[in-house]
Amino acid sequence: MNKLALALCAAATLLFAAAAPAQMPADFSKVEVRTIDLGNKTYMLEGAGGNVIIAVGSDGIIMVDGQYAQMHDKLKAAIEKISPLPIKYLINTHFHGDHTGGNGPFHRDGVTIVAQDNIRVRLAAGTTNGITGNKTPPQPADALPTDTYIGGTRGIEVGGRKALLTHVHNAHTDGDTYVYFADANVLATGDVFNNRKRYQSIDYANGGDVHGVIRANRAFLGFINEDTKVVPGHGGLAKKADVANYLAMLNTAHDRIEKLVDEGKTEAEVLAARPLADLDATWADNEKAAQDYTRMVYNSFKRS
Ligand SMILES: [Zn+2]
């Protein structure tokens, strides 16, 4: 390979790395979709990226999140095994590519993409990650949600199945929606909660804020019960107790860092003070994840 080809190769690798969310698998051909029956014609699908929910009505299907574009064919095959009915709506819980990458291919299948309106704006404009500085380019028109809402709660109904969508202001991002299927007692949280028992990123450069993440988890505890099947953005199926445990971690992280912010500490000073050291031992995958989480919570207080 000559020098120019090598340089082009390196540039292409860099570009790809910048566009790819952290957990993107190296080889999609090895990924298998696992379907979990949640009862009342409602299913959780695990593959690569955020968890997916399928709710089957009498004449069509409501879907929540669509993983990566590369997962479209595998997800479609798994859904066809559940029901031959068409997917009518795909709801986005937030704009990140591991949840919205499937928008384009599912939209081309005739599916209507539904989301809080900031998702449309973020996907159309492209985004920059606050921690890494990595840029995600603007997405093509057919990957954008076409049926959007601004705030509060809205319903979507397909063949007797009702999804209740609620927007949480400034939480994991500025466009989060959680989805509740009351007839199946199933809650899709998106990334305001995870069941990996690890910190979940707070995308403060794109409207994310620990205060909103706390509000969302408090809201969940206000209406779910011991029997609710909680489908997290990432990780296995969860229960109310997992949400309570996660909220306790959030509250501790918030309170400790708020104290340092109130004392006028800079980001570097807060990092050096290691205010979450005991939590990090349980909740951080590694040292970088520990530092990043402290930065995300700190920057939640600096967001204007
Ligand atoms: Zn996310």
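Remember, predicted model here, so these are calculated numbers, not experimental data. (Residues numbered from 1 in each chain as written. Predicted model: local features only at pLDDT ≥ 70, side-chain atom pairs only at ≥ 80, totals over all residues. Heavy atoms only, no water.)

Caption draft 1: Broad picture of empty space enclosed by the protein. On inspection of all chains with the given rule, the structure shows two cavities of 30 Å³ or more. Along its surface, the largest cavity is lined by Leu 271, Arg 274, Pro 275, Leu 276, Ala 277, Asp 280, Glu 287, Ala 290, Gln 291 and Thr 294. For the lining of the largest cavity, the secondary structure elements donating two or more residues are helix H9 (277-283) and helix H10 (287-302). Here the element with the most residues in the lining of the largest cavity is H10; it accounts for four residues. In the lining of the largest cavity, the residues fall into five nonpolar, two polar and three charged. One number sums up the size of the second largest cavity: a volume of about 40 Å³. (1 Å grid on protein atoms, 1.4 Å probe; cavity = no way out; pocket = protein on both sides within 12 Å on 5 of 7 lines; lining within 4 Å. Points joined across faces, edges and corners; volume = space filled by probe spheres on them. Helix = DSSP H or I, 4+ residues; strand = E, 2+ residues; numbered from the N terminus. Nonpolar A, V, L, I, M, F, W, Y, C, P; charged D, E, K, R; others polar.)

Caption draft 2: Focus on the sheet that holds strand S11 (residues 161-168). Read from one edge of the open sheet, five strands run S10-S11-S12-S13-S14, paired in mixed fashion. Among the strands making up the open sheet, the edge pair consists of strand S10 (153-158) and strand S14 (229-232). With direction set aside, neighbouring strand axes in the sheet form an average angle of 20°. Where strand S13 (residues 186-190) meets S14, four bridges bridge the pair, whose relative direction is parallel. Paired with Ala 188 across the two strands is Val 231, which belongs to S14. Across the sheet, helix H6 (residues 210-223) lies against S11, strand S12 (176-181) and S13, angled at about 10° from S12, the strand it touches most. (Pairing = 2+ DSSP bridges. Axes fitted to C-alpha atoms, helices over the stretch in contact; angles between N-to-C directions. Contact = heavy atoms within 4.5 Å.)

Caption draft 3: Up close: the pairing of S10. Where S10 meets S11, six bridges bridge the pair, whose relative direction is antiparallel. Residue Arg 154 lies in a different strand from S11, and its bridge partner there is Leu 165.

Caption draft 4: Spotlight on H6. Given a rise of 1.5 Å per residue, 14 residues ought to cover 20 Å, and the 21 Å separating the end C-alpha atoms of H6 matches this to within 8%. Those residues of H6 not exposed but buried are Val 210, Gly 212, Val 213, Ile 214, Ala 216, Asn 217 and Phe 220. Tucked into the core, H6 has its buried residues touching S11, S12, S13, helix H7 (240-262) and H10. (Expected span 1.5 Å × (residues − 1). Buried < 20%, exposed > 50% of the residue type's maximum accessible area, 1.4 Å probe, protein only.)

Caption draft 5: Region of the structure containing the packing of aromatic side chains. Applying the stated criterion across every chain, the model contains seven aromatic pairs. Each ring, one from Phe 193 and one from Tyr 246, has its centre 5.2 Å from the other, and the planes form 85°; the classification is edge-to-face. Of this pair, Phe 193 sits in the loop between S13 and H6 while Tyr 246 sits in helix H7; the two residues are 53 residues apart in sequence, bridging distant segments of the chain. Judged by relative accessible area, which is 2%, Tyr 246 ranks as buried. Between Tyr 199 and Tyr 293, the ring centres sit 3.9 Å apart and the planes meet at 5°, which makes this aromatic pair stacked. In this pair, Tyr 199 is assigned in the loop between S13 and H6 and Tyr 293 in helix H10, connecting sequence segments 94 residues apart. Comparing Tyr 199 with Tyr 293, the two get one shared label, buried. Taken together through their ring pairs, the aromatic side chains of Tyr 178, Tyr 180, Phe 220 and Phe 223 make up a single cluster. (Phe/Tyr/Trp six-rings, centres within 6.5 Å; stacked < 30°, edge-to-face > 60°.)

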